[in-house]
Amino acid sequence: MQKYLSQQNFIALLSKLISDGKRVVAPRLDAGTPLYGPLADSAGIVLDQLPRRSAKETFFPVCEDIMSYDKVGQQVTLTNVTPASFPETILVGGRPCDAAAIPVLDAVFSWDYKDEFFLERRRKTTIIGLSCTQADDACFCTAVGLSPADHKGSDLFLTPVEGGGYACETFTEKGEALVNGNRDLFAEPNGAQALPPAEPQVEKFDLKKVKAWLDDHFEDSAWDGIAVRCVGCGACAFLCPACHCFDIVDEGTEKTGKRRKCWDACGFWKFTHHASGHNPRDLQPKRYRNRIMHKFKYYDDKFGQTLCTGCGRCIRFCPVGIDIATIVSEIGKK
Amino acid sequence: MTNTIDTSIYVAITEAIQGEVRRILSEGNVSAVIGYAAARRKGSAQPTVIVQPDDAEKLIFSAACVNNLAVYLTKAKKEIPKTGKIGIVVKGCDLKALVGLMGESQLKREDLYLIGVPCAGVLASTAQPAQPLTSDTIAPKCRECDARLPTGCDFVPDQQPVIPELERRYSAEIARLEAMPPAERWAYWKEQFKKCIKCYACRQVCPFCFCEQCLCDRNKPQMVETTPRPAGNAAWHIVRGMHLAGRCAGCAECERVCPMDIPLNLLNRKMAKELKELYNYEAGFEMQEKGPLATYDEKDDQSFIK
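Reading guide: rules and limits
- Residues numbered from 1 in each chain as written.
- Chains lettered and ligands numbered in written order.
- Predicted model: local features only at pLDDT ≥ 70, side-chain atom pairs only at ≥ 80, totals over all residues.
- Helix = DSSP H or I, 4+ residues; strand = E, 2+ residues; numbered from the N terminus.
- Rg over C-alpha atoms; globule rule 2.2 N^0.38 Å.
- Buried ≥ 20, exposed ≤ 12 C-beta atoms within 10 Å, placed from the backbone.
- Contact = placed C-beta atoms within 7 Å.
- Pairing = 2+ DSSP bridges.
- Axes fitted to C-alpha atoms, helices over the stretch in contact; angles between N-to-C directions.
- Core = buried A, V, L, I, M, F, W, Y, C linked by C-beta atoms within 7 Å.
- Domains from an automatic or database assignment.
- Parallel < 35°, antiparallel > 145°, perpendicular 65-115°, else oblique.
- Left-handed = near helix turned anticlockwise from the far one by under 90°.
- Nonpolar A, V, L, I, M, F, W, Y, C, P; charged D, E, K, R; others polar.

**Things to note about the overall build of chain B**
Now for step 1: A count of helices and strands for chain B gives nine helices and four strands.
Now for step 2: For 306 residues, the compact-globule formula gives about 19 Å, and the C-alpha radius of gyration of chain B, at 20 Å, lands near that figure.
Now for step 3: Summarising its shape, the C-alpha atoms of chain B cover approximately 60 × 45 × 40 Å along the three principal directions.
Now for step 4: Residues counted as buried form 47% of the 306 residues belonging to chain B.
Now for step 5: Partitioning the intrachain contacts of chain B with sequence separation of at least 6 by distance along the chain shows that 72% fall at a separation of at least 24.

Take a look at the structure:
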């Protein structure tokens, strides 16, 4: 289904969803930093900059309680968090690199173990994607086979058009339901020209060749050169739309506390630190190798997908300037 | 008003660094040099380790050379072989960290070959690497730099930086926060710490965060909540601020790399200010084994004991 949504009606749609009691998650400023988060007021939406963290946190929060315990006398009570209580959510303004990562994450969260925390939020969320008209030299969605106008992962996709407003296209029943439930705000397509999509400059990777090299080079001196500068923080993994490792920790006192699920990162020394004291990934190049292997080999082996959507956040915010686009591109030419 | 800052000396400094590194690596008394090389993004630079004299030509110095390379000399970084003399390119602010590390017996002066850079300033984390250096794009720490010409190095190119007088933003911001009632100040920091995702970029780039195992990674017993939640986040940044008091000399790497824009250097500058007022002590200028918070003197002020 194709429609036109004026800028005014776009804001009106957000206001209506908020007043209907829906949880509307969109990019907005949080203490000055652009982040996806619940919108209290439609005027707070900020669409002219890429949110610092990806949209994955809408489904897979930075940290969430999954259980609590209370001890009274000798009586211990365990209380599960029930995903059924999660609210209906509309994710608005998801960038193509962020929206495309969600179906990639579906694969791992619904594989041998069904992660109900992720999956319930997924079921209850409608994603309104937004085409990109600007890219910087860290953007590389086109290098991994996506594009600034890719609707992958979006239920409803918005493309800014000449003269203002958006051309809208629905791709799922959820997207159609959203349009049908707010028919008065959507008009028939007005034929306005779409604003030209952004043009990321990184050359397309040969992902087959990249994987072929990775298949045979777990041990290779090239890793030392690639990762010597890595300082072992989690900035890349935490800003990444596709990285999904988490840790589960119990925090509290003897009497009361919570079991929490929170983001973890393979760049950390502690990530593979065994209880025995041994660490199989004892040096940073081995940890960085895992990052590349997981994204361009292991995930492909297991799920037939690449675990990178080219958002460029890890490039922009790596404290030491590690550029995954350069690394993967060079691997593809080996 | 935006003033352009003259960085034309960086061309000559780049040539001088290349020449010196080629010489020291050829002569064989230095085994590796840690410096900066150009990277793919326009105008960008990244840390690099050079071992071959012919690779010296890859080295650059520009306003995008923001990193404090001293972190690569700490024991936290096991990837850089510490055999033989190591050369390192240092700005004045980076050198202060090395002075601190030598004071704390983490490094020996005779194991280092210091290539000092006369520095007119580097870019703020909010600037794009290709942007020119101006009074708007310069890093906040450079606005109040007191170490533009590194001293005590083995080699320093002759160029003299010329810098306009710039407003000191940390001092102004600290004064603003100090003037707040405690509840308001706490509310400010709660808003900032709430954003923390415990990526530990602040810790990993810090030359003084060289603990074999960070207190905040311990779980037997757990000292600080490891999850990225308000209480544990605040505890982490306060613990770190205290541990750096009297040691941090203001390279501001923690603040530069924070992907959540938390103004971490404000905590460190506030502690530095306290140390200056209480003990007339400033970190980074001379080698000292123990800073004021690691020593006891009978003449210390004890009025706080009630």
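Picking up where we left off.
**Focus on the sheet that holds strand β4 (residues 63-72) of chain A**
All names here are of chain A.
Now for step 1: In spatial order, the strands read β5-β4-β11-β10; together these four strands make up an open sheet with antiparallel pairing. Two strands close off the open sheet at either side, each with one partner strand: β5 (75-80) and β10 (246-252). Looking at each pair of strands side by side, their axes are set apart by 20° on average, direction ignored.
Now for step 2: Pairing between β4 and β5: six bridges, direction antiparallel. Note on β5: the bridge partner recorded for D70 is T77.

**Remarks on the nonpolar core**
Side chains of a nonpolar character, in soluble globular proteins, are inclined to be buried together.
Now for step 1: Membership of the largest hydrophobic core comes to 176 residues, with the highest contact counts inside it found for A:A235, B:I34, B:I88, B:V89, B:L123, B:A201 and B:C202.
Now for step 2: Tallying contributions element by element places helix α1 (residues 9-27) of chain B first for this core, with eight residues.
Now for step 3: When residues of this core are assigned to domains, at least three fall in each of domain 1 (9-143) and domain 2 (169-294) of chain B.
Now for step 4: In this structure B:I88 touches B:V33, B:I34, B:L69, B:L73, B:L112, B:L114 and B:I115, once residues within four positions along its chain are discounted.

**Details of the sheet that holds strand β3 (residues 85-90) of chain B**
All names here are of chain B.
Now for step 1: Strand order in the open sheet made by the four strands is β2-β1-β3-β4, with mixed pairing throughout. The sheet is open, and its two borders are formed by β2 (45-50) and β4 (112-116), each paired with just one other strand. Neighbour-to-neighbour, the strand axes of this sheet turn through a mean angle of 20°, independent of strand direction.
Now for step 2: Taken together, the six bridges between strand β1 (residues 30-38) and β2 define a ladder with antiparallel strand orientation. Note on β2: the bridge partner recorded for G35 is T48.

**Focus: the packing of helix α7 (residues 230-244) of chain B against helix α9 (residues 264-279) of chain B**
Residue and element names in this part refer to chain B.
Now for step 1: Where α7 meets α9, the axes come as close as 9 Å, and the angle between the chain directions of the two elements is 40°. By the angle between their directions, the pair α7 and α9 is classed as oblique. For the pair α7 and α9, the sense of crossing is right-handed. For the pair formed by α7 and α9, the contact residues are H237, G241 and L244 on the first element and L264, L267, N268 and M271 on the second.

**Digging into the interface of chain B and chain A**
By a widespread convention, an interface's size corresponds to the accessible area lost as its parts come together.
Now for step 1: If you look at the interface, chain B gives 33 residues, while chain A gives 33 residues.
Now for step 2: Listed by contribution, the elements that provide at least two residues to the side of chain B that touches chain A are β2, α5 (182-194) and α6 (201-205) of chain B.
Now for step 3: Here the side of chain B that touches chain A gets four residues from one element, more than from any other, and that element is β2(B).
Now for step 4: Residue composition of the side of chain B that touches chain A, grouped by class: 15 nonpolar, seven polar and 11 charged.

**Regarding the packing of helix α4 (residues 169-178) of chain B against α9(B)**
Between two packed helices, the angle of one axis relative to the other and the distance separating the axes together describe the packing.
Residue and element names in this part refer to chain B.
Now for step 1: Viewed as axis vectors pointing N to C, α4 and α9 meet at an angle of 85°, and their least axial separation amounts to 10 Å. Considering the angle they form, α4 stands roughly perpendicular to α9. Here Y170, E173 and I174 of α4 come into contact with α9, specifically with N265, L266, R269, K270 and K273.
Now for step 2: The residue makeup of the contact of α4 with α9, split by class, is three nonpolar, one polar and four charged.

**Here's the deal with the domain arrangement of chain B**
All names here are of chain B.
Now for step 1: We note that the domain assignment places domain 1 (9-143) and domain 2 (169-294) within chain B.
Now for step 2: Relative to domain 2, the C-alpha centre of domain 1 lies at a distance of 24 Å.
Now for step 3: Opposite the 22 residues of domain 1 that make contact, domain 2 presents 23 residues.
Now for step 4: Looking at the side of domain 1 that touches domain 2, the elements that each hand over two or more residues are α2 (92-103) and α3 (140-143).
Now for step 5: In terms of residues, the side of domain 1 that touches domain 2 owes the most to one element, α2, which gives nine residues.
Now for step 6: Considered class by class, the residues forming the side of domain 1 that touches domain 2 number 11 nonpolar, six polar and five charged.

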